[in-house]
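Spelled out from the first residue to the last, the chains are:
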Amino acid sequence: MAWLSRIILIIILISAGETGVRLYAQERLQIGTSLQIHNTRMLVDYSSTKVKGAYRPTNVLFAEFEFGKKLALHSGLGYTMMTQNSDAFKNDFHYLALPLYLKFGRLKDDKRMAFTSFIGTDIHYLLKASHIGEDGTKTDIKDYAQTFHSDLTGGLGIKIRLSERFSMESMVSISYGTNINEYNAALMDINNLNTGFRLNLSYKFK
Amino acid sequence: MMRRFISLLPVIVILLNLVSCEGEETIDESLPLEQKIGQLIEPLVVFGNPNATIIGIIQNGERSIYSYGDAGLGSGPPLPNTIFEIGSITKTYTATLLSQFIMEGLVSLDDPIDMFLPDTVDPPIFNGQQISLRHLVTHTSGLPREIYNFDIDFNIVWSELKDEDLYAFLNDISRQAYPFDDYTNGNELKSLGTTFRYSNVGMAILGHILELVSGKKYEELVEERICSELNMSDTKAYTDLTQEQKDRIPKAYNLNQYEQELPRDMGAYVGTGGLLSTMDDMMNYLEANMEGSSLLSQSMKKCHEGIYNEGELDGQFPGREADAIGMAWLISYQGSDTILWHDGGYNHLSYMKFNTTKKVGIVAFSNTVTEVGPRAVNTIFDWINE
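Residues numbered from 1 in each chain as written. Chains lettered and ligands numbered in written order. Predicted model: local features only at pLDDT ≥ 70, side-chain atom pairs only at ≥ 80, totals over all residues. Heavy atoms only, no water.

Novice: Give me the overall build of chain B: which residues, what numbers.
Specialist: On a plain count of helices and strands, chain B comes out with 13 helices and 17 strands. With 386 residues in all, chain B has 59% of them scored as buried. Roughly 15000 Å² of accessible area belongs to chain B as shown, and the carbon and sulfur atoms make up 47% of that amount. (Helix = DSSP H or I, 4+ residues; strand = E, 2+ residues; numbered from the N terminus. Buried < 20%, exposed > 50% of the residue type's maximum accessible area, 1.4 Å probe, protein only. Areas by Shrake-Rupley, 256 points an atom, 1.4 Å probe, with all protein chains shown as cover.)

What follows is the structure in structure tokens.
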């Protein structure tokens, strides 16, 4: 199944790129960088609400194409990290992140501010995974984690114009995903629930 | 192109989510047992479910011990002499003691508990019939699961429980409605000998009755009648452990790997879940349950005989596969094979399962109370029981 996911990713990237280039002249394409700090909470089966969180970063370079009156397609590529945090150990997961969002709300040329929101999925490709024991011993656990993993995500924010071409967007977001772990023979499933705050700085081609 | 892409977006998202579910590996059944167990347990330990575990197996008369994770005692994985709570497996010790008392003619299975308790205690009855030792050891007494309603902090109550609290409970359940209205109507039980209802307090009362009959503390009975014969020097109640033994107890974690600080002194609940043990000791206990002709082994084998079949009782066995209940043991019949098991969980998790016909068995301990551990142990048992 790994080959299928790679093909899908390539299609998405090519489609987004081709579309972006073709519509460049229509002044609807923005590029930017997104910085996020999220509280990552990972646990087994979500059978309890008491979970130890850990603040981790996400950094994504993105492109956003506006269409319709208020909609935009947001995608990009970057890095994110999640951690299963506990009193006994930590499991760190480092991912290549590919967001794919449908955004609502547009900052019109004659406005300084707009409310925005988004829903979509964060696709993660596992780069590295480590188990850090109580005594600090680090073990590679990449084989025990899913190579591809995706979260359903959504968020709300405010977009503020900084200049004719630059704008800044601050957002709160929430994402949920399952199947962090590869291995399921004992019917164990590691899930994640992330709540985050992000700042997007974007440049609009005119 | 763009519209097509947008319309395909939901499909792509769903596909990606499906793709992310790939790779649910299955274990190659042809691998040697040690590799299979490693493939099963190691990933669970990585994700803290359980965090540290030790598994002991007796198969073809040989013992094997497999250990994973970090017990947090400075020596990596749990050792054969690492001390864990055996929790409710203690009930099988209580049942073994009862079986010995029956063999020695000290008590009879159908003796009413009223015979042994002080005159000040007035246990509830059912249609004029009294609760008997048979009812207590098979969880059919109609008594509640715990001594008091769970609205009360049972973690505190357990560690402070005295024998007098057991007496007060038996009197209270006869005289008070709430919180016992599910169990009694006035001083009448709502069922007796007809419904399976797992009762920690019932087994604690049985343990105390054995003390009254023998004039010895429960811990002494276990030591004299079971542990000394089986060379189990590390199997004791928490209060009887030396400091050196207490230093061999790993930290305990809950499902989400928060360190647990629950009391280990079970007070008057000792006969229902108050013992601790090691893998070395429990291997001796497992072996004695499966083999041997000593009086002790004979008393254990009496506990393996089904007393109530599932169809005879209203209540289901506690969410697991069982065809009958013997003296504390849950029993499954597979063809001509008899399989017995019991688990335990408070701070630590314990599990013991064996086939008395094939003489194969497994004991597992972990320092994390989780549902996954028993499932994995059942998988391993199926491998050795093939």
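That covers the picture; the talk isn't over yet.
Novice: Can you break down a positive patch on the surface residue by residue, with the values?
Specialist: All names here are of chain A. A cluster of like positive charges, contributed by Lys-69, Lys-70, Lys-108 and Lys-111, occupies part of the molecular surface. Note on placement: Lys-70 falls in the loop between β2 (53-67) and β3 (71-85). You can call Lys-70 exposed: its relative accessible area is 56%. (Patch = residues over 30% accessible without salt bridge, like charges linked within 9 Å, V, L, I, M, F, W, Y side chains within 5 Å. Salt bridge = Lys/Arg side-chain N within 4 Å of Asp/Glu carboxyl O. Lys, Arg positive; Asp, Glu negative; His and termini not counted. Charge placed at Lys NZ, Arg CZ, Asp CG, Glu CD.)

Novice: Any chance you could break down helix α3 (residues 90-103) of chain B for me, citing the residues and the numbers?
Specialist: Residue and element names in this part refer to chain B. For α3, spanning 14 residues, the distance from its first C-alpha to its last is 20 Å, which sits close to the expected 20 Å at 1.5 Å a residue. When you tally the buried positions in α3, you get twelve out of 14 residues, the bulk of the element. For α3, every residue scored as buried is listed here: Thr-90, Lys-91, Thr-92, Tyr-93, Thr-94, Ala-95, Thr-96, Leu-97, Leu-98, Ser-99, Gln-100 and Phe-101. Count one or two residues on from α3 and you reach Gly-105, which has phi positive near 75°. (Expected span 1.5 Å × (residues − 1).)

Novice: Residues and numbers for the environment of Lys111(A), please.
Specialist: Residue and element names in this part refer to chain A. With respect to the helices, strands and loops of the structure, Lys-111 is situated in the loop between β4 (90-104) and β5 (113-132). Among the residues examined, Lys-111 registers a relative accessible area of 45% and is labelled partly exposed. C-alpha separation for the pair Lys-111 and Ala-97, spaced 14 residues apart in sequence, amounts to 32 Å.

Novice: A description of a negative patch on the surface should follow, citing residues and the corresponding values.
Specialist: Residue and element names in this part refer to chain B. On the surface, Glu-321, Asp-323, Asp-382 and Glu-386 cluster together into a patch of negative charge. Tracing the backbone through its elements, the reader meets Asp-382 in helix α13 (residues 372-384). The partly exposed category is assigned to Asp-382, whose relative accessible area is 44%.

Novice: Explain the confidence of the model for chain B to me, and be specific about the residues and the numbers.
Specialist: Overall, the predicted model of chain B reaches an average pLDDT of 88, with 89% of residues at or above 70. Complex prediction metrics read pTM 0.84 and ipTM 0.74. (pLDDT = per-residue confidence, 0-100.)

Novice: Go over the environment of Asp114(B), please, and point to the residues and values.
Specialist: All names here are of chain B. Looking at the element boundaries, Asp-114 is found in the loop between α3 and β4 (125-126). Sequence separation between Asp-114 and Ser-132 is 18 residues; the distance between their C-alpha atoms is 8.3 Å. Asp-114 has contacts with Val-121, Pro-123 and Gln-130, leaving out every residue within four places of it along the chain. (Contact = heavy atoms within 4.5 Å.)

Novice: Please provide a residue-by-residue account of a nonpolar patch on the surface, values included.
Specialist: Residue and element names in this part refer to chain A. Residues Met-113, Phe-115, Leu-156, Ile-160, Leu-162, Phe-166, Met-168, Val-172, Phe-197, Leu-199 and Leu-201 make up a contiguous nonpolar surface patch of about 1000 Å² in total accessible area. Of all the secondary-structure elements, those providing two or more residues to the nonpolar patch are β5, β7 (148-161), β8 (166-177) and β9 (190-204). Considering the arrangement of structural elements, one finds Leu-162 in the loop between β7 and β8. For Leu-162, a relative accessible area of 49% translates into the label partly exposed.

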